[in-house]
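Each chain, letter by letter, is given below.
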Amino acid sequence: MKKIVVLGAGYAGMRVVKKLVQGHADAQIVLVNKNPYHYEATQLHQVAAGTKEAADITFDIRPLLAGRKNVEVVIDEVTRVDQDAKKVELKNGEPISYDYLVNALGFESETFGIKGAEENGWPLVDIDTALAARKHLEDTLRRYKTSQDPNDLRVVVCGAGFTSIEYLGELVYRMPKMAKEYGFPLDKVKIDCIEASPKILPMFEPNLADWGVKYLESKGVNFHVATPITEVKPNAVVSNDVEFPANTIIWTTGVRGSHVIADSDYDQKRNRVVVEDDLRITGHPDQFLIGDVSAVPNPSNGRLYPTTAQISIALADTAAANLIALLKGGQTSKFVFKPMGTVCSLGPHAGIASIDMMGHWKLKGSKVSIVKKIVNDRSVLELANIRTMLESN
Ligand code: NAD
């Protein structure tokens, strides 16, 4: 029996396992993940702002996959893929050999080598970093009562991508509650968001993007566009000769793939590898790369698809179908993506959305929170389905 090793239990990895099991893949499946849990990466900003608890967005992997003879879960950290020997090297355990590999190791924070970013910015990339950012924010705001240091009430959010904007939405929602709880004056809070490009939320139609920006501005966020960050000091973000002081600096300027990609000598850029149209990589027909470690060209415009949960899930479906086809001695198929649209929340009760299902819909305001909740709940249901499915097999 062939062995398929799946690296990473994020959206892509979990979905591949689910689809392989559902498709009765005639193979031994080994899922390797650093933590014993899956987390909802699309909701990390809520944990960081303190509007959701970590337990609300994490799920133990083992119980989900327990009781299935051909699925094994290994909790260990992948350090390297030996592509020639077809082995996955682990931090603690023995290397695992594979016939087919699905590399879905996900993302890390990108600092672009900016001085001080790693040391002084709080990234939001996993449960640990989100919890650390939350603790720092709360401790710093709480401290103002005794310190009277104005910088304790200043927050700088670096970058104005999806993560930053969604984090800002949660932050402005929670700030009045924290002011009451920790006894600091709300009118002395200053929140700055520093963005290098001249536009915010360029992936949305201009009227939706403007609505989102104005909404956050009305809640106290100061946007600074065309302002590239050049340095991050312990208590200030620097853009050329301008300084934005703050004792809380949230680092959300983008992501790159897992460092395991570079460590394993893949031909990569920012730890992402360009894949063939069936999601395998050139020279290694035994390997599929999906999720944030893959760079997938969009055939309609030649540009790379963005790295979103929606794409990761679609990539996983194609990779699983192709694996099942290969196991049966068949041919692989090309990845085809039909985007369903984009949703950006602005706190628990507002957002903007551009939906492409049964027509094109532009939504803003509280309706979007309902859409977002459906998207999130669906993801939870999908995971729960794994257990139901395994029980019935
Ligand atoms: P991102 O790359 O989408 O945004 C980062 C932002 O930081 C960009 O606007 C960039 O111009 C800016 N930036 C980069 N360097 C800078 C500098 N030196 N100074 C100032 N600004 C700088 O990254 P993200 O928000 O972390 O998101 C990561 C991925 O996850 C993206 O693909 C995103 O689409 C996806 N995501 C999607 C959703 C959603 O669909 N709701 C939510 C969160 C994340």
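Cut-offs and rules
- Residues numbered from 1 in each chain as written.
- Predicted model: local features only at pLDDT ≥ 70, side-chain atom pairs only at ≥ 80, totals over all residues.
- Heavy atoms only, no water.
- Core = buried A, V, L, I, M, F, W, Y, C linked by side-chain atoms within 4.5 Å.
- Buried < 20%, exposed > 50% of the residue type's maximum accessible area, 1.4 Å probe, protein only.
- Helix = DSSP H or I, 4+ residues; strand = E, 2+ residues; numbered from the N terminus.
- Contact = heavy atoms within 4.5 Å.
- Patch = residues over 30% accessible without salt bridge, like charges linked within 9 Å, V, L, I, M, F, W, Y side chains within 5 Å.
- Areas by Shrake-Rupley, 256 points an atom, 1.4 Å probe, with all protein chains shown as cover.
- Salt bridge = Lys/Arg side-chain N within 4 Å of Asp/Glu carboxyl O.
- Polar contact = N/O pair within 3.5 Å; in protein donor to acceptor, adjacent residues only side chain to side chain.
- Pairing = 2+ DSSP bridges.
- Axes fitted to C-alpha atoms, helices over the stretch in contact; angles between N-to-C directions.
- Near = heavy atom within 4 Å.
- Nonpolar A, V, L, I, M, F, W, Y, C, P; charged D, E, K, R; others polar.
- Domains from an automatic or database assignment.
- Buried area = accessible area lost by both parts, 1.4 Å probe.

Q: An account of the nonpolar core is requested, with residue identities and associated values reported.
A: By size, the foremost hydrophobic cluster in this structure holds 57 residues, and its most contacted members are Val5, Leu20, Val32 and Ile290. Of all the elements, helix α9 (residues 309-327) adds the most residues to this core, at nine residues. The contacts of Val32, once residues within four sequence positions are left out, are Val5, Val6, Leu7, Gly8, Ala9, Val74, Asp76, Val78, Leu90 and Ile96. Of all hydrophobic cores here, the second largest spans 46 residues; its members include Leu44, Val157, Ala160 and Leu208.

Q: Break down a nonpolar patch on the surface for me, with residues and values.
A: A contiguous nonpolar surface patch, about 480 Å² in accessible area, is contributed by Met340, Met357, Met358 and Trp361. Along the polypeptide, Met340 turns up in the loop between α9 and β24 (341-345).

Q: So what about the side chain of Ser294? Which residues, and what values?
A: For Ser294, the location among the structural elements is in strand β23 (residues 294-295). You can call Ser294 buried: its relative accessible area is 1%. Separated by 2.8 Å, the side chain of Ser294 and the backbone oxygen of Gly291 make a polar contact. When residues no more than four places from it in sequence are discounted, the contact partners of Ser294 are Arg272, Val273, Val275, Leu289 and Leu315.

Q: Just give me the short version of the pairing of strand β22 (residues 284-289), but keep the residues and values in it.
A: β22 sits mainly inside the fold: five of its six residues count as buried. Both strand β9 (residues 100-103) and β22 contribute to a ladder of three bridges, which runs parallel. Directly across from Asn103, in β22, lies its bridge partner Leu289. When strand β21 (residues 280-281) meets β22, the two strands line up antiparallel, connected through two bridges. Within β22, the residue paired with Ile281 across the bridge is His284.

Q: I'd love a proper account of the sheet that holds strand β16 (residues 236-239), names of residues and values included.
A: The three strands lie next to each other as β15-β16-β17, forming an open sheet whose pairing is antiparallel. The open sheet has two edge strands, β15 (231-233) and β17 (242-245), and neither has a second partner. Within the sheet, the average angular offset between the axes of one strand and its neighbour, ignoring direction, is 20°.

Q: Before we move on, can you summarise the pairing of β9 with the specific residues and values?
A: Of the two faces of β9, the one lined by Tyr100 and Val102 and the one lined by Leu101 and Asn103 are each fully buried. Note: strand β1 (residues 2-7) against β9, four bridges, orientation parallel. Looking at the pairing, Val6 lines up with Val102 of β9.

Q: Please provide a residue-by-residue account of the site of the ligand, values included.
A: In the neighbourhood of the ligand, 22 residues make up the surrounding shell, with Thr163, Glu195, Ile229, Thr307 and Val343 lying closest. Glu166 has a polar side-chain atom sitting 3.4 Å from a nitrogen atom of the ligand. In this structure, a nitrogen atom belonging to the ligand sits 2.9 Å away from a main-chain N or O atom of Ile229. If you tally residues by element for the shell around the ligand, the top one is helix α6 (residues 162-182), at three residues. When grouped by side-chain class, the residues that make up the shell around the ligand number 10 nonpolar, nine polar and three charged. Shared between two domains, the shell around the ligand holds at least three residues of each, these being domain 1 (2-110 + 255-338 + 378-392) and domain 2 (117-251).

Q: I'd like a rundown of the domain arrangement of the protein, residues and numbers included.
A: Each assigned domain of the protein is listed with its residue range as follows: domain 1 (2-110 + 255-338 + 378-392) and domain 2 (117-251). One C-alpha centre belongs to domain 1, the other to domain 2, and the line joining them spans 32 Å. At the junction of the two partners, domain 1 supplies 20 residues and domain 2 supplies 19 residues. In this assembly, domain 1 packs against domain 2 so that about 1600 Å² is buried in total across both faces, 64% of it on carbon and sulfur atoms. Taken together, the connections running from domain 1 to domain 2 amount to one salt bridge. At the boundary of domain 1 with domain 2, the tally comes to five residue pairs in polar contact (both at pLDDT 80 or more). For the side of domain 1 that touches domain 2, the elements supplying multiple residues, two or more each, are β3 (37-39), α2 (44-49) and β10 (107-109). No other element matches the six residues that α2 contributes to the side of domain 1 that touches domain 2. Of the residues that constitute the side of domain 1 that touches domain 2, the class distribution is nine nonpolar, seven polar and four charged.

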